[in-house]
Amino acid sequence: MDSEKTDAPVTLITGGGTGIGATTTRRLLARGHRVAITGRRKERLEQLASEIGAGRELLTVVGDAADYESVRAAVAATIEEFGRLDNVVANAGLSTHDDLVDGDPAQWREMLLTNVLGPAVLIKAALPALRATRGRIILVGSTAGVKNTPGNMYSVSKWAVSALAENARVLATGSGVGVTLVAPGRVETSFWDSREDGVPDGPILTPDNVAESIEFALFQPAGIEINSVVIRPVGQVH
């Protein structure tokens with residue numbers, strides 16, 4: 001632990017190696033945070049760390065965001081390295097890009113575990129440390145969890161994230177912990193790589209657009225929490 005920077009805020013981001021997570025990491029490091037990121041691919045985490053060149057201000061932890069023991073170990077490693085935990089960002093997520101008629105239930109299982117169980121176990125693992133710092137929880141949802149997409153299981157998973165955000169807020173707010181749901185519309189990331197037709201046509205956000213909203217929620221004055229941020233590109237109807 002760097003004793004000279006023990007007061008610098010510490011943020012843990014799941015799925016931090018790419019897309020929204022990686023961009024949020026860069027923005028927070030630029031604002032003086034120390035950041036821990038998790039992801040399944042060690043090489044991607046190491047590549048990002050090399051690109052950023054943040055040294056000991058960035059901790060990379062390989063792990064599965066849906067596995068409680070893995071997440072608990074990541075929280076423990078973050079506190080061991082930096083001495084505290086001020087914020088967590090539940091960003092890891094995926095989509096099967098299918099529906100109830102044509103979808104594969106085996107793939108739904110992985111998606112539901114990542115998208116729903118993942119944020120829940122992160123909250124469970126991190127809440128004691130966040131209560132000590134009166135920190136913040138950010139859950140990255142989706143406009144698919146604000147407006148239903150017909151028969152879409154990804155939409156179901158993100159509705160669950162929206163419910164989890166309010167459930168966690170009611171649980172944690174009395175201890176001074178803030179909870180924010182950030183629900184973006186279409187974002188140009190590797191999220192679309194598994195979609196047969198790739199990125200859909202039409203207006204789309206950048207990862208930086210969403211990272212800026214996460215940053216906005218994290219940097220609210222003490223005692224203030226933004227409970228929900230819905231962000232769409234102009235022209236996206238749903």
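Residues numbered from 1 in each chain as written. Predicted model: local features only at pLDDT ≥ 70, side-chain atom pairs only at ≥ 80, totals over all residues. Heavy atoms only, no water.

### Here's the deal with helix H4 (residues 105-133)
Spanning 29 residues, H4 covers 40 Å between terminal C-alpha atoms, matching the ideal 42 Å at 1.5 Å per step. For H4, the principal kink sits at Leu 127 and spans about 55°; a proline, Pro 128, occurs within the next four residues. Put simply, Asp 104 is the residue that caps the front of H4, since its side-chain oxygen is 2.9 Å from the backbone nitrogen of Ala 106. Within two residues after H4, Arg 134 carries a phi angle of roughly 50°, on the positive side. (Helix = DSSP H or I, 4+ residues; strand = E, 2+ residues; numbered from the N terminus. Expected span 1.5 Å × (residues − 1). Bend = angle between axes of the 7 residues up to and from the residue. Polar contact = N/O pair within 3.5 Å; in protein donor to acceptor, adjacent residues only side chain to side chain.)

### Considering the sheet that holds strand S1 (residues 10-13)
If you trace the seven strands from one edge of the open sheet to the other, you get S3-S2-S1-S4-S5-S6-S7, paired in parallel fashion. Either end of the sheet is taken by a strand with one partner, and the two such strands are strand S3 (58-62) and strand S7 (228-231). Going from strand to strand, the sheet's axes swing by 15° on average, the running direction of each strand aside. Relative to strand S6 (residues 178-184), helix H5 (residues 153-172) is tilted by about 160°, and along the sheet it contacts strand S5 (136-140) and S6. (Pairing = 2+ DSSP bridges. Axes fitted to C-alpha atoms, helices over the stretch in contact; angles between N-to-C directions. Contact = heavy atoms within 4.5 Å.)

### Some details on the layout of surface pockets
In this structure, the second largest pocket encloses a volume near 310 Å³. Taken together, 18 residues make up the lining of the second largest pocket; nearest its centre are Arg 134, Gly 135, Arg 136, Gly 176 and Ala 222. Along the lines of polarity and charge, the residues of the lining of the second largest pocket split into five nonpolar, nine polar and four charged. (1 Å grid on protein atoms, 1.4 Å probe; cavity = no way out; pocket = protein on both sides within 12 Å on 5 of 7 lines; lining within 4 Å. Points joined across faces, edges and corners; volume = space filled by probe spheres on them. Nonpolar A, V, L, I, M, F, W, Y, C, P; charged D, E, K, R; others polar.)

### Topic: the packing of helix H3 (residues 68-82) against H4
The contact between H3 and H4 brings their axes to 8 Å, and the two run at 30°. In terms of their interaxial angle, H3 and H4 are classed as roughly parallel. Pair H3 / H4 crosses with right-handed handedness. For the pair formed by H3 and H4, the contact residues are Tyr 68, Val 71, Arg 72, Val 75 and Ile 79 on the first element and Val 121, Leu 122, Lys 124, Ala 125, Ala 126 and Ala 129 on the second. The residue makeup of the contact of H3 with H4, split by class, is nine nonpolar, no polar and two charged. (Parallel < 35°, antiparallel > 145°, perpendicular 65-115°, else oblique. Left-handed = near helix turned anticlockwise from the far one by under 90°.)

### Observations regarding the side chain of Thr 25
By the secondary structure assignment, Thr 25 is in helix H1 (residues 19-30). For Thr 25, the contacting residues outside a window of four places in its chain are Ile 13, Gly 16, Val 35, Ile 37, Ile 52 and Leu 58.

### Thoughts on the pairing of S1
Successive residues of a regular strand alternate their side chains across the two faces of the sheet. Here S1 shows a buried face lined by Val 10 and Leu 12 and a second buried face lined by Thr 11 and Ile 13. The sheet contact formed by S1 and strand S2 (residues 34-39) spans four bridges and is parallel. Residue pairing in the sheet places Leu 12 in a bridge with Ala 36 of S2. With H1 bridging S1 and its parallel neighbour S2, the resulting β-α-β unit is right-handed. The pairing of S1 with strand S4 (residues 87-90) spans three bridges and is classified as parallel. By the bridge assignment, Leu 12 is partnered in S4 with Val 88. (Buried < 20%, exposed > 50% of the residue type's maximum accessible area, 1.4 Å probe, protein only. Right-handed = clockwise from strand over helix to strand, strands pointing away.)

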